Amino acid sequence: MAGSASKLLLSGLIALAAILFTFLDIPLKQFLTNFDLSPNPGKHTPYNPSICPQVTPIAPSHNRIEQSILDKTSPPTYHDQIINKLRGIIQIPSESYDDLGPIGQDPRWNIFYKIEEYIKAQYPTVFETVTLDHANTHGLILTWEGSVSPLIAKPILMLAHQDVVPVLPDTVSDWTYPPYEGYFDGEIVWGRGATDDKGYMISLLESLSLLIQSGFRPKRTVILAFGCDEEISGENCGRPISDLLHQRYGDDGIYLIIDEGSVGIQREFNQTFAMVSVAEKGYLDVGINVTSTGGHASNPPNHNAIGILSEIITEIENHPFEGKVTTANPMFGFLECAAAHAPEASLPTRLRTHLSQVASGNTKAEKNLARELDHLRYYFRTSQSVGKISGGLKINAIPELASTMVNLRLAVETSIAAVQTHYESLIAPIAERHNMTLEGFNSTYSSPDIRKITLFGIDALEPAPVSPTSAESFRVLSGTIKRTLKPLEKDESLIVSPYLMPANTDTKFFWALSRNIYRFTPINLVQNLNRAHTVDEFIRAREFVREPVFFATLVLNADDAV
């Protein structure tokens, strides 16, 4: 009886809401969509075959070639050889610096000649087979011409970069082994570049070497391209490489592009996933200058340039960008894969309900789901980090200039213009409060006022286009992953899912060359990408030695699709 009364009361409330919302000109459907009456996971139930369908492993038609490669890569002697090749290239400290001058003028670029000499010495058969082109001296393009015209069979392009993040002199003593020794302890190869990105580069070269030695002759042209400055924006090599290839193959002239990924194979929601990043977040560095009148510190204003800049920074940090999970974000696809393939208990009904609501356009659920998955927050929101600050020259002088730089990684749903508008809205009231002029991002007029706040953007990059998971090339990649890689737990399957790259790679220059751009490292990356960019970078040998088989099989399977 009580249950009937409750239902009657609820029906009455909904009817009343319908009347009120009619008068308020708010659709009842919108109200109901954003009001959770009961858990309803919809189609996001466990093991639903219509969600995140998986391809079967793809075996190359060149089974003799495949078996030859497996035979060559199985013995421990082969493992020793490829590990030594990685150790050798780690020992070349090909650091790229933010303040590098032009190639040919700054001698610090010359280290990349040693990289080229090293790989030529280690892979003579490859360089006897491919055509080598240089983009801006140190950008290397290796082209293995296929028997079928690129106009009919678009080439496959595999990217890596030769440069590494510099090792800070003050941190050298913190390394377990010297950063450029390439030390191998029997299980792990240690050193700067082991994971980012020299292991990837050696694996690509090794895959071509294995294919050539096994007698393979491609129908589809295979291209390897190695940048020299990926860690400092890629303008010196990444862009010239892209320009050369674009001149050669034109818009959408590449079948598939693969580059390093940020997660690889991971275990989430008690399930192993091969996470293929199909997009990257955008990028923006925001500069903020606060200028004011100077003078002697004995007669200071209530708020000088440093104090005002502090207000701005506090305001920025107190107003982070809102997080939300939308269907435009590849992470939504990953969560759908988790809903379909992870154990039922690992994804609570409320999360499944939120997923279903997001799929139907419920904006409230988009925010709720982001809050529920706070440990993944920066996959769902624009991140902001104040990275540099400066101001003042002398302790007894009022500073005339204070500056800061903020690094932002843009969510896939936003834009550079939206971020700039957000910052201007936060800072305008501060400028008004201190009777200062605000020069916004797109200001074409420089105010003569001494007291002003100036905003400017550097290295602006919109979020990357999302590559399709419905494309044939993604099916080929997925089938190759299934064929060559294994789950992290014995009693489970390996699920291929879309993912999002929170950082940027050289692929940002290649958007016009292909819609099918995938970022994936075929190993289990742990401890923040195997401690890339920090002390004790490493790669586990047992995983590294399997990488060439993956890349060689990808070439074979892509060739079969011709």
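Residues numbered from 1 in each chain as written. Predicted model: local features only at pLDDT ≥ 70, side-chain atom pairs only at ≥ 80, totals over all residues. Heavy atoms only, no water.

Under an unreviewed UniProt entry, the chain has the name Peptidase M20 dimerisation domain-containing protein and belongs to Aspergillus granulosus.

1. Topic: the UniProt feature "domain: Peptidase M20 dimerisation" (unreviewed entry) in the chain
Sequence positions flagged by UniProt for "domain: Peptidase M20 dimerisation" (unreviewed entry) are, in local numbering, residues 278-432. The distance from the first to the last C-alpha atom of residues 278-432 is 43 Å, and the span holds 41% helix and 23% strand. (UniProt positions renumbered as here; feature names shortened; annotations may be inferred. Helix = DSSP H or I, 4+ residues; strand = E, 2+ residues; numbered from the N terminus.)

2. Section: helix H14 (residues 472-484)
Over its 13 residues, H14 extends 18 Å from the first C-alpha to the last, a length consistent with the 18 Å expected when each residue adds 1.5 Å. Most of H14 sits inside the fold, with ten of its 13 residues counted as buried. Within H14 the residues assigned to the buried category are Ser 473, Phe 474, Val 476, Leu 477, Ser 478, Gly 479, Thr 480, Ile 481, Lys 482 and Thr 484. Of the surrounding elements, those touching the buried residues of H14 are strand S6 (256-259), strand S8 (271-280), strand S16 (494-501), strand S17 (517-519) and helix H17 (547-560). (Expected span 1.5 Å × (residues − 1). Buried < 20%, exposed > 50% of the residue type's maximum accessible area, 1.4 Å probe, protein only. Contact = heavy atoms within 4.5 Å.)

3. Digging into the state of the cysteines
Scanning all chains against the criterion turns up two disulfides. What pairs with Cys 52 in a disulfide is Cys 337, and their sulfur atoms sit 2.0 Å apart. Judged by the sign of its S-S torsion, about 85°, the cystine formed by Cys 52 and Cys 337 is right-handed. Of the two residues, Cys 52 sits in the loop between helix H2 (28-33) and helix H3 (63-73) while Cys 337 sits in helix H10 (residues 330-341), which places them 285 residues apart along the sequence. Of the residues examined, Cys 337 reaches a relative accessible area of 2% and is grouped as buried. In this model Cys 228 forms its disulfide with Cys 237; the gap between the sulfur atoms is 2.0 Å. Across the S-S bond of Cys 228 and Cys 237 the torsion is about 90°, and the bridge reads as right-handed. Listing the disulfide partners of the chain by sequence rank of the bonded cysteines yields 1-4, 2-3. (Disulfide = S-S within 2.5 Å.)

4. A short note on the pattern of salt bridges
In the structure shown here, the tally under the stated rule is 18 salt bridges. Put simply, Glu 280 and Arg 519 hold a salt bridge, and the shortest N to O gap is 2.9 Å. Of this pair, Glu 280 sits in strand S8 while Arg 519 sits in strand S17, and the two are 239 residues apart along the sequence. With relative accessibility at 1%, the residue Arg 519 sits in the buried group. Through salt bridges with shared partners, a single network forms among Asp 99, Asp 106 and Arg 108. (Salt bridge = Lys/Arg side-chain N within 4 Å of Asp/Glu carboxyl O.)

5. Structural notes on unusual backbone geometry
Here the amide bond leading from Asp 196 into Asp 197 is cis, since omega sits at 10°, within 30 degrees of zero. Checked against the element boundaries, Asp 197 lands in the loop between strand S4 (188-190) and helix H7 (198-213). One non-glycine residue, Phe 269, lies in the positive phi region at around 55°. Positionally, Phe 269 belongs in the loop between strand S7 (264-268) and S8. Of note, the phi angle at Asn 270 is positive, near 60°, even though the residue is not glycine. Mapping Asn 270 onto the fold places it in the loop between S7 and S8.

6. Description of the packing of aromatic side chains
In total, this model carries 14 aromatic pairs according to the counting rule given. Relative to Phe 551, the ring of Tyr 200 lies with its centre 5.1 Å away and its plane at 75°, an arrangement referred to as edge-to-face. Of the two residues, Tyr 200 is situated in helix H7 and Phe 551 in helix H17; the sequence distance between them amounts to 351 residues. For the pair Tyr 200 and Phe 551, a shared accessibility class is recorded, and that class is buried. Above the ring of Tyr 255, the side-chain terminus of Arg 220 is found at 3.7 Å from the ring centroid. (Phe/Tyr/Trp six-rings, centres within 6.5 Å; stacked < 30°, edge-to-face > 60°. Lys NZ or Arg CZ within 6 Å of the ring centre and 35° of its normal.)

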